[in-house]
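Observations on chain architecture
Read off the chains here:
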Amino acid sequence: MGVMLSVKNLDVFYGSIHAIKNISFDVQEGEIVTLIGANGAGKTTTLHSISGLVKPKNGEINFMGNDLRTTEPHKIIRLGLAQVPEGRRIFAKMTVLENLEMGAYIRNDGDKIEDDFEKLFERLPRLKERRKQIAGTLSGGEQQMLAIGRALMCNPKMLLLDEPSMGLSPLLVGEIFNIIQDVNKSGVTVLLVEQNAKKALEIANHAYVLETGTIAMEGDADELANDEKVRKAYLGG
Amino acid sequence: MDFFSQIINGLGIGSIYALVALGYSMVYGIVQLINFAHGDIIMVGAYVVFVIIVMMGLPLWLAVLGSIIFCGIAGVLIERIAYHRLLVRDAPRISLLITAIGVSIFLQNLFQLLFGSDAKSMPRMFSFSPLQLGGLQITSSTVLNILVSVIMMAGLQLMVSKMKIGKAMRATSEDAGAAKLMGINTNTTIAFTFGIGSALASAGAVLYCNTYPQIKPIMGGLLGLKAFVAAVLGGIGSIPGAMLGGYLLGVAESLTNAYISSNLTDAVVFGILIIVLLVKPAGLLGKNTREKV
């Protein structure tokens, strides 16, 4: 056990707008860590800084000894850091199976990929039924499962999830969060960015609360779930 | 019978349009750029054939291979030198379009400087006896055009649907950001697409020289424009669409030449484009996919 991902004194600007103001946080190996906060608090910007899609002005981002700020975006996944982006961003014109193949793009071990497809289909049987279907025709929940499955196909050490509950019915949110917990139990560290604070705090070990680009609070997820301020602001009293 | 032979002739010239249209379509699919320099790649390919066969006196197979390789590399270089920085910085598409026109003018003038602006005649390249099919006589160049285009397009379709690089191309064309997250080097994928498109255009160039044995530095202009019309007609971004568009255009041209007037050929071609776009703006095989929430 130890720190897997560490973000130190991160500053991100969009033009003259200071979107992320000197934030620092750590993700411990094996845990589920969540970043919660309202719309526009800077959650996605933080994730995009980690994945290299946004260039931070200052700060350090370190994943298992690698400086992510100098790593090209397409090489980050090779370090074992996979992402489920906001809005799922599956390849809608490709089939379910092809989407999963794209998830395994960096791998060259053909036979093992086949085994991993089978394992994934055991975990997400609905994808198996629909593996020949064009991904754009799946329901929202199935697309989210596909996005998670696609990220898992590279056998990551850590998974970043950006708003996996967005646009889903409460029933499906429950299902997706069960999958996330299940993935974590199989040994994958999780950084979960969520607007649905209640659900996120239920499954997380540790949590950070983002407010207008700064970390307003941090602590054990259970403690934060019982904190008066958090309850008022994010859990509806 | 004459009608059928006109159709076959049309398919022959349409095959060349189709091969060139594929390059427009693939590049548009991946970076949403109408690469107006693509037509001039045909001209470059034709001159490479001319240099190798006529000026150097080397064998035909070397000319074909040399032309395809040269154009493939030229396509990658054009992407790297002219478009890459604009793409990386997410420049407005209009800047890319103007750059493409610039590259086109540059290539035309460069070749005028190198070879002069007068037309050069090409020797007969592939000659075998015409094919007899019932009462139809089909010229060897028509047979060759149709055969080569069908094989190349089948190969391309196979690559795009089955091979890893082909799937990476599709993923990049749909969502370059998500493709990067998967570990796909989108820059390499885009350069590869330009290379393949240009190589196909040079195959088109070889067939064109074999059909109309005369080349000049501005030959790519109208040919490129017609291939572009073919790509839009079929649905830009779609490989089968580019094929269909190319064949339809060739047949329309050939029938107009035979039954209406050769002076009206281009008017008919562009007229068809306008009508199809009015009725089906995405082109014949183009799809408007809707996003699901």
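Higher on the page you've got the structure.
Now for a quick tour of the structure. (Residues numbered from 1 in each chain as written. Chains lettered and ligands numbered in written order. Predicted model: local features only at pLDDT ≥ 70, side-chain atom pairs only at ≥ 80, totals over all residues.)

On a plain count of helices and strands, chain A comes out with 10 helices and 10 strands. Taking 2.2 N^0.38 as the reference for a compact globule, 237 residues should give roughly 18 Å; the C-alpha atoms of chain A span a radius of gyration of 17 Å, in line with that estimate. Its C-alpha atoms put chain A at 45 × 40 × 35 Å along the principal axes. The buried share of chain A, reckoned over its 237 residues, is 46%. The long-range share in chain A, meaning contacts at least 24 apart out of those at least 6 apart in sequence, stands at 66%. (Helix = DSSP H or I, 4+ residues; strand = E, 2+ residues; numbered from the N terminus. Rg over C-alpha atoms; globule rule 2.2 N^0.38 Å. Buried ≥ 20, exposed ≤ 12 C-beta atoms within 10 Å, placed from the backbone. Contact = placed C-beta atoms within 7 Å.)

Looking now at the overall build of chain B. For chain B, the helix and strand inventory stands at 11 helices and four strands. Across its three principal axes, chain B shows a C-alpha extent of roughly 55 × 45 × 35 Å. Residues counted as buried form 49% of the 293 residues belonging to chain B. Sequence-distant contacts in chain B: of pairs separated by 6 or more residues, those separated by 24 or more amount to 76%.

On to the pairing of strand β9 (residues 206–211) of chain A. Residue and element names in this part refer to chain A. In this sheet, β9 lies alongside strand β3 (residues 32–36) in parallel orientation, the contact comprising four bridges. Paired with I36 across the bridge in β9 is V209. In this structure, β9 lies alongside strand β10 (residues 214–220), joined through six bridges in antiparallel fashion. Within β10, the residue paired with Y208 across the bridge is E218. Hairpin remark: β9 followed by β10, antiparallel, with two residues in the connecting loop; positive phi at T212, about 35°. (Pairing = 2+ DSSP bridges.)

Residues and elements named next belong to chain A. A positive phi angle is found at R88, which is not glycine, with a value near 70°. A positive phi angle, close to 50°, is found at E163, a residue other than glycine. In this fold, E163 is placed in the loop between β7 (158–162) and α7 (170–185). A residue is classified by how many C-beta atoms lie within 10 Å of it, and E163, with 23 of them, is buried.

Residue and element names in this part refer to chain A. Of the pairings in the sheet, the one linking strand β1 (residues 3–14) to strand β2 (residues 17–28) comprises eight bridges and is antiparallel in character. Across the sheet, residue F13 finds its bridge partner in β2, namely H18. Here β1 hands over to β2 after two residues, with G15 in that stretch at a positive phi of 65°. In the sheet, β1 pairs with strand β4 (residues 58–63) via five bridges, with the strands oriented antiparallel. Paired with V7 across the bridge in β4 is I61.

Looking now at the environment of G57(B). Among the structural elements, G57(B) can be located in the loop between α2 (38–55) and α3 (60–88). Expressed as a C-alpha distance, the spacing of G57(B) and S262(B), which sit 205 residues apart in the sequence, is 36 Å.

We now examine the sheet that holds strand β5 (residues 66–67) of chain A. Residues and elements named next belong to chain A. The four strands are arranged β2-β1-β4-β5 in an open sheet whose pairing can be described as antiparallel. Looking at strand neighbours, the two that pair on one side only are β2 and β5, the edges of this open sheet. The sheet contacts of helix α1 (residues 43–51) involve β1, β2 and β4, and relative to β2 the element is tilted by about 70°. (Axes fitted to C-alpha atoms, helices over the stretch in contact; angles between N-to-C directions.)

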